[in-house]
Amino acid sequence: MTTRGIRRPIAAGLVLGVLLSAAPAGAADAVEPNSKASLRAAIEDLRSTFGGRYPKGKEFLKRLDDLPAGDAPAFLALQKDALVANPLVSGRCILFVTRSQYRSHYHAIDTLFHAGELNWDRKKPHADLFGPGGAMKTIDLRTGRVTTLIEAPEGIVRDPDVHYDGRRITFAMRKARDTNYHIHEIGTDGTGLTQLTSLSSATDFDPIYLPDDTIVFSSTREPKYNMCSRDHAANLYRMDADGANIHRITRNTLFDNHPEVMPDGRILYARWEYVDRNFGDAHGLWVVNPDGTGQAIYWGNNTAVPAAIFNQHVIPGTEKVLAILGQHHDRLWGALAIVDKSRGIEGRQPVLRTWPAEAAGIIRAGGPFDCDAFRRFNPKYEDPWPLSEKHFLCSRMTGKGQQMGIYLVDTFGNEVLLHSEAPGCYDPMPLGPRKRPPVIAERRSFDGAPGYIMLQDGYERTHMKGGRRGSIKYIRGVESPPKKNWSGGSWGGQGYAAPGMNWHDFTAKRIFGDAPGEADGSAYIEVPSDTFIFFQALDANKMMVQSMRSGTVVQPGETQSCAGCHEDRLSPPPYSHQTAIAARRPASKLDGWFGRPRHFSYVKEVQPIFDTHCVKCHDFGQEAGKKLILAGDRTPYFNASYIDLWIWSRKLITCVGGGPAEIQQAYSWGSHPSKLSKVLRAGMAQHKDVKLSAEDMHRINTWLDLNAPYYPFYECAYPDSPSGRSPLDAGQLKRLGELTKLSFLGGLKSHGRRERAQISFERPGRSPCLARIADKNGPEYKEALAIITAGAKTLKSKPRCDMAGFVPCDKDIERLRLFEQRDHFESQFRDAIRKGTKLYDKDLAAP
């Protein structure tokens, strides 16, 4: 790694030119892109806007009038001259970074290649995914001179942000392949390099300056993983200007990145998260105050296509956002777009324009799952930076494979390549001072105190069909806990989960309890702070009316207020002269759920009810068992009753699973529409002797309202087995499948024919798959039984997560210890803040 100030001309052969693209969607007077008409419109607007600061405007128009028809080289030269003369472009240097395009691993956000983690080092036939070699540079477009500020020949420089005074730059850099990214600062002249963060086992990236000179960045400091994969999660952190007192300000369970300071001082950031919904179209924009309070949706959290929005920046002088609309997989590129939140927070209506234009045609709030729809569009754009409402910098495909160059794009239909060099150019932005937004006062504490939720009116919502005033009596608080481990084996549900957790969903659940709602729909609730929590509205029987399918985090001492649930965020709630009833009393505490808060376990909370009341009839070999098995015999993945209830899910349970992006209507899933609950509540002639207690019914209904989960934890005893849960390895399951003519591999693909539970580890001889072997005395039957029996013995000696005596594997224990260590580090930083002292990464002490 070197820092230097070498000046050189633009390399020969790097042509300043244009690549044609489609006209932007939504243009009222759309003209042919990169044409005489588009250039004339741009020149005339620049003359009108800048006057004497654009002195050659009249000359450019004359050259345009005199341009011979069909002379493409002359047109390109004029287009470059006229548009680069824009004072917003030529008036100051442009900062950018050079690097290779991030190599595609799985998710578009998987750009970290975290040392020691899965996508860092792949064995053949996979190539090494980390492509080193990068630098941070400036270019003066008036002279063409390029200045190298810092170089990392064996690493990567990324994510620059220029300070408000225009004299400093913060950025992320890793110096070599076997290190991680850390936050640095350097002067705009290439001097004064300072490393601000240094926690070697964490990746710090995407830094930005805040108005008070502190820095917010994204980091993997809390070592957790995405629920639908094995890749690192990240949250936003804040630190002092000198790198002291680093602390977390968001705690979404998946990924928070690309922070951007808005003109009002809040932070706009990209957030990937899901609760009871599919993994792929869950990337939206959120806002948060610099202290972590006030987390709220901004745009796109329930939009199906595009799957993701990222690299967002507020357009100066407006409330519009320039961003990239992209896909879930592949890379952090896609279509360039202008989004106006005043027109809506979801779907097509708020998207004013897209480049290419055809991308706008597939944007939708609902409809079929298509998380990679935007991969089809070319050229691809990246790292936009709005200079004004009409002129933007960005990285864009140059036409040479995946190589990206710096482009100037305008709303008149022009796209000009300003600079390109190998291996690619990214993160273009002006180098100079800019307006400093206001500082937002701190509204939180660092003492671990609880937070508070003030719900004004739970009936003020957009998806309450069938919900009447007076129906909501309680609010339930549920945590979606962080995934602290991953397994080599995976379960193919709605996507893949590693390890398998539930039939068609990814998340564990932890119930904190219920709090009362008032007659006017209000509720005032004390909630655990710094916890990713979601809420469900319950009726008088504590059955779910509606559920968030998202989450929030309340900081210590914060009171977070909302007008309603899924309310219309574009218009104020109906005015009332009356103070909400809940606001007139102290906050209610979440009262627990049959004891202290704990991770929900189907085997512990639900299966005992079936064992007591149902298994004597609904068992293997019984007549009622032909219709429904409610026995708790464990299979390689779950247990028999859980599989049967999900196999017959359309008849017995109505759960959303890894459901669609759009918000669901009240009463559309959970205990109310589920036939299982209806039958047990109403009773049936053949079940007159079955008397379930109120607690039994509440447990079953709660399980349905939690989306019918199974495992309580992400830890495994058999991490490399199929789904990370099976005591039989892939070879044994394959052989058992050959003997019984069944498939035991592939997750839900194994149950595509509605295959019920076929293996019983508690009673190997009663495993239904054995009935498929005709000769009960033959070698095939004996071999199949021996395989199942071997699994039973293994499971007895090494219990898995749904059994008493479960102990996580060694690697999981190692990761849990790392999680505890990082939690201890977070506490040390917060103690320092509370005491008014300084603490740095180098000062951290392990517990």
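We now turn to the structure provided with this report. (Residues numbered from 1 in each chain as written. Predicted model: local features only at pLDDT ≥ 70, side-chain atom pairs only at ≥ 80, totals over all residues. Heavy atoms only, no water.)

1. So, the overall build of the protein
In step 1: A tally of helices and strands in the protein yields 13 helices and 37 strands.
In step 2: In terms of C-alpha radius of gyration, the protein reaches 29 Å, essentially the compact-globule figure of 29 Å for 847 residues.
In step 3: In terms of overall dimensions, the protein has a C-alpha envelope of 95 × 75 × 60 Å along the principal axes.
In step 4: The burial tally for the protein puts 61% of its 847 residues in the buried class.
In step 5: Total accessible area computed for the protein in this model is approximately 31,800 Å², and 53% of it derives from carbon and sulfur atoms.
In step 6: Taken as two groups, the 111 positive and 97 negative side-chain charges of the protein have centres that lie 3 Å from each other. (Helix = DSSP H or I, 4+ residues; strand = E, 2+ residues; numbered from the N terminus. Rg over C-alpha atoms; globule rule 2.2 N^0.38 Å. Buried < 20%, exposed > 50% of the residue type's maximum accessible area, 1.4 Å probe, protein only. Areas by Shrake-Rupley, 256 points an atom, 1.4 Å probe, with all protein chains shown as cover. Lys, Arg positive; Asp, Glu negative; His and termini not counted. Charge placed at Lys NZ, Arg CZ, Asp CG, Glu CD.)

2. A short note on the pairing of strand β33 (residues 533-538)
In step 1: In terms of residue burial, β33 counts as a mostly covered element, since six of its six residues are buried.
In step 2: Residues I533, F535 and A537 line one face of β33 and the alternating positions F534, Q536 and L538 line the opposite face, and both faces are buried.
In step 3: As defined by bridge partners, strand β28 (residues 474-479) adjoins β33 across six bridges and the pair is classed as antiparallel. For R476, the partnering residue across the bridge sits in β33 and is Q536.
In step 4: Alignment of β33 against strand β34 (residues 544-547), held across three bridges, turns out to be antiparallel. From the neighbouring strand, Q536 faces β34, where its bridge partner is S547. (Pairing = 2+ DSSP bridges.)

3. Digging into the nonpolar core
A general feature of soluble globular proteins is that nonpolar side chains tend to end up buried together.
In step 1: Judged by nonpolar contacts, the single largest core of 154 residues is most densely connected at Y274, Y602, F638, L645 and W703.
In step 2: Setting aside residues no more than four positions away along its own chain, Y274 makes contact with N226, M227, C228, L254, F279, A282, F506 and T507.
In step 3: Residues F50, A152, V157 and V162 belong to the second largest nonpolar core, which totals 49 residues. (Core = buried A, V, L, I, M, F, W, Y, C linked by side-chain atoms within 4.5 Å. Contact = heavy atoms within 4.5 Å.)

4. Here we look at the environment of G91
In step 1: Relative to the helices and strands, G91 resides in the loop between α4 (87-90) and β3 (94-99).
In step 2: Sequence spacing of G91 and F392 is 301 residues, and the spatial spacing of their C-alpha atoms is 15 Å.
In step 3: Sequence-distant contacts of G91, that is, excluding residues within four places in its chain, are made with N86 and R142.

5. Remarks on helix α10 (residues 694-705)
Each full turn of the α-helix corresponds to 3.6 residues, which orients residues three or four apart in the same direction.
In step 1: The first and last C-alpha atoms of α10 sit 16 Å apart over 12 residues, in line with the 16 Å expected at 1.5 Å per residue.
In step 2: Of all the 12 residues making up α10, 10 are buried; the element is thus mostly covered by neighbouring parts of the structure.
In step 3: Where α10 is concerned, the buried positions are D696, M697, H698, R699, I700, N701, T702, W703, L704 and D705. (Expected span 1.5 Å × (residues − 1).)

6. A few points about the side chain of S388
In step 1: The topology assignment puts S388 in the loop between β22 (381-386) and β23 (391-397).
In step 2: Only 3.1 Å separates the side chain of S388 from the backbone nitrogen of K390, close enough to count as a polar contact.
In step 3: Of the polar contacts made by the side chain of S388, one reaches the backbone nitrogen of H391; its length is 3.1 Å.
In step 4: Ignoring anything within four residues of it in the chain, the contact list for S388 reads L88, I315 and P316. (Polar contact = N/O pair within 3.5 Å; in protein donor to acceptor, adjacent residues only side chain to side chain.)

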